[in-house]
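What follows is the residue order along each chain.
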Amino acid sequence: MVAPRIPYVLPFPPPPIHPKNATTLSAAIDAVTNFLESRNTVILTGAGVSVESGLADYRGEKGTYRLNRTYRPIFFEEFVGNHEARKRYWARSFLGWPTMEKAKPNRTHKSISILGTLGVLNHVLTQNVDSLHHTCHPYLRTTELHGTLRTLTCLTCHSPYPRVEFQKTLAELNPKWAEFLHTATEAGIFDNDHRREQSIKTNPDGDVDIPGAPYTKFHYPPCPKCLNSNNIKVLVDKQGSHQPNELSATNGVLKPSVTFFGESVALGAKAEAEEMVDKCGGILVVGSSLATYSAYRLAKAAHDAGKDVGIVNLGGVRGEDFFFSNDGKGKRVRVDFSAGDILGGVVKNFGGEVVTREQDEIPPSRGGVGLEG
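Residues numbered from 1 in each chain as written. Predicted model: local features only at pLDDT ≥ 70, side-chain atom pairs only at ≥ 80, totals over all residues. Heavy atoms only, no water.

Note the threshold: UniProt positions are given in the numbering used here, feature names are shortened, and annotations may be inferred rather than shown by experiment.
In the annotation of an unreviewed UniProt entry, the entry for the chain reads DHS-like NAD/FAD-binding domain-containing protein, and the organism field reads Choiromyces venosus 120613-1. Of the comments in the UniProt record for the chain, the one headed Sequence similarities (unreviewed entry) reads "Belongs to the sirtuin family. Class I subfamily."

Dropping the structure here:
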């Protein structure tokens, strides 16, 4: 069996700007506006869209893979097959969840919402697991290709469970960790701003790494439905935390409702995304390097079908030589500006309400905190 790998952690080559005059912001906005004139375009978003919401991206200039070359997310088989790996995952997720929970839609999400209201867009495909699209524009149909961190799914009974409730139980089972999280949050340690030298970065999947932290002592609860079932054997310790055994190692194990590395995209999401690309006139990629195949194949399918392909992203993207070769039959646009700048300008061009960027003050650091085993 071939072990799954993290695709394309190194930067892609510089992008081929198209049209060639789209090197200024105003020209780039006009180019994307022209691209969307057909009003039959699907938009595909990635982690770069959520950066202004205080969340990290993976491959951007300050992305997780660029700043931390040793970072490695958990793989599906590792989570399913290793109790210690699950403890480590949930400890890091416990620390990162407040940042995910408090994140709010930014000007890019709001611009997409307005473009939906104006009839320019009718469907959003997203690789993001933060659910900010749903929060910002619940009326605009959105397909979450990789799921959402807002819920968990039991590996045994497949029932959903709210992440908010799970976080409360984690805090009860791990009081020292809860105290550390409270103190660190008050001190602003988890603020994802590059100007704060003492900050601890929260990764795009809600993961926070604390070097030297006692992950082996972390406790996580089982699925409450399985625990109360007469037909499913679930072992817990006296505190109520999950205890695996040889015969029922994963009974009652709750997993985030997201697609891990090494795991297949949910069939429903995959089919819905393919249907939308098949029906659309073109696809606009925003804030994504298309490094993961689940996203790249959608853009490739549009290209192969002779549809329009556009890309709004800071930095290079997978397959650009392919998309912008002479073989492309539909319209093409490629601009190297932030999603917020471009889509905000596009909204204005279509006569929508101007969306401005909100600047938050950065409070001063209030000292360090520690976590003891």
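After presenting the structure, the write-up continues.
Comments concerning the overall build of the chain
Rules: We count a stretch as a helix when DSSP gives it H or I for four or more residues in a row; a strand needs E for two or more, and each element gets its number in order from the N terminus. Classification of residues uses two cut-offs on accessible area relative to the type maximum, computed with a 1.4 Å probe and protein chains only: under 20% is buried, over 50% is exposed, and between them is partly exposed. Residue contacts are defined here by distance: any two heavy atoms, one from each residue, within 4.5 Å place the two residues in contact. Accessibility throughout is a Shrake-Rupley quantity obtained with a 1.4 Å probe, and a residue counts as covered only by protein chains that appear here.
Of the regular secondary structure elements, the chain holds 13 helices and nine strands. Taken across its 373 residues, the chain has 52% of its residues classed as buried. Taking all contacts inside the chain whose residues are at least 6 apart in sequence as the whole, residues at least 24 apart take part in 71%. Accessible surface for the chain amounts to roughly 17,700 Å². Of this, 51% is attributable to carbon and sulfur atoms.

Describing the sheet that holds strand S2 (residues 121-126)
Neighbouring strands of a sheet are bound in pairs by backbone hydrogen bonds; such pairs are parallel or else antiparallel. Cut-off, in case you're wondering: For two strands to be treated as a pair, DSSP must find at least two bridges joining them. Here, axes are lines fitted to C-alpha atoms. For helices the fit covers the stretch in contact, and angles between N-to-C directions go from 0 to 180 degrees.
Here we have six strands laid out as an open sheet, ordered S3-S2-S1-S7-S8-S9, and parallel in their pairing. The open sheet has two edge strands, strand S3 (142-144) and strand S9 (332-335), and neither has a second partner. Between one strand axis and the next, the sheet turns through 15° on average, direction left out of account. Here helix H1 (residues 25-35) sits on the sheet and contacts strand S1 (41-45), strand S7 (282-286), strand S8 (308-312) and S9; the angle it forms with S9, its principal contact strand, is near 150°. Sitting on the sheet, helix H10 (residues 267-279) is in contact with S1, S2, S3 and S7, with an inclination near 135° to S3.

Some thoughts on the side chain of Asn313
Selection rule: Counting of polar contacts relies on pairs of N or O atoms within 3.5 Å, with two restrictions inside protein: one atom must be capable of donating a hydrogen and the other of accepting it, and residues adjacent in sequence are counted only when both atoms are side-chain atoms.
Tracing the chain through its elements places Asn313 in the loop between S8 and helix H12 (320-323). Given the relative accessible area of 9%, Asn313 is considered buried. Of the polar contacts made by the side chain of Asn313, one reaches the backbone nitrogen of Ser288; its length is 3.2 Å. The contacts of Asn313, once residues within four sequence positions are left out, are Gly287, Ser288, Ser289, Arg334, Val335, Asp336 and Phe337.

Structural notes on helix H8 (residues 175-186)
Filter applied, for reference: To estimate how far a helix should reach, multiply one less than its number of residues by 1.5 Å.
With 12 residues, H8 should cover 16 Å at 1.5 Å per step; its first-to-last C-alpha distance of 17 Å lies within 8% of that length. The elements touched by buried residues of H8 are helix H4 (83-102) and helix H7 (163-173). At the exit of H8 stands Gly188, carrying a positive phi of roughly 75°.

Focus on the nonpolar core
Rules: Put simply, buried Ala, Val, Leu, Ile, Met, Phe, Trp, Tyr and Cys residues joined by side-chain atoms within 4.5 Å make one nonpolar core. These domain boundaries are the output of an automatic or database domain assignment.
With 39 residues, the main nonpolar core has Trp90, Leu95 and Trp177 as its most contacted residues. Those elements that place two or more of their residues in this core are helix H3 (76-81), H4, strand S4 (147-154), H7, H8 and strand S6 (254-258). If one sorts the elements of this core by residue count, H4 sits on top with eight residues. Here this core spans two domains, since at least three of its residues come from each of domain 1 (13-55 + 105-146 + 267-357) and domain 2 (68-102 + 149-258). By size, the runner-up hydrophobic cluster in this structure holds 29 residues, among which are Leu115, Val124, Val312 and Val347.

With respect to the UniProt feature "binding site: Zn(2+)" (unreviewed entry) in the chain
Mapped onto this structure's residue numbering, the UniProt feature "binding site: Zn(2+)" (unreviewed entry) falls at Cys154, Cys157, Cys223 and Cys226. Their sequence span is 73 residues, while the largest C-alpha to C-alpha distance among them is just 8.6 Å; these annotated residues converge on one region. Tracing the backbone shows Cys223 in the loop between H8 and helix H9 (224-227). We classify Cys223 as buried; its relative accessible area is 4%. The residues touching Cys223, leaving out its near neighbours within four places in the chain, are Cys154, Cys157, Gly252 and Leu254. Its relative accessible area of 0% is what places Cys226 among the buried residues.

A short note on the packing of H4 against H8
This is how it is decided: Should the near helix be turned anticlockwise from the far one by less than a right angle, the crossing is termed left-handed; should it be turned clockwise, right-handed.
H8 packs onto H4 with a crossing angle of 35° between their chain directions and a minimal axis gap of 10 Å. As H4 packs across H8, the resulting crossing turns out to be right-handed. On the side of H4, the interface is formed by Ala91, Phe94, Leu95 and Pro98, while H8 contributes Trp177, Ala178, Phe180 and Leu181.

A word on the side chain of Ser50
In this fold, Ser50 is placed in the loop between S1 and helix H2 (64-67). In terms of polar contacts, Ser50 uses its side chain to reach the side chain of Asp130, at 2.7 Å.

Remarks on the sheet that holds S4
Pairing is antiparallel across the open sheet formed by three strands, whose spatial order is S5-S4-S6. Whereas interior strands pair on both sides, the edge strands pair on one side only; in this sheet they are strand S5 (160-162) and S6. Strand-to-strand twist across the sheet, computed as the mean angle between neighbouring axes with direction ignored, equals 45°. Pairing geometry for S4 and S5, over three bridges, is antiparallel. The residue of S5 that forms the bridge with Thr153 is Pro160. In the packing of H4 onto the sheet, the strands contacted are S4 and S6, and the crossing angle to S4 comes to about 140°. Seen against the sheet, H7 touches S4, S5 and S6 and runs at an angle of roughly 65° to S5.

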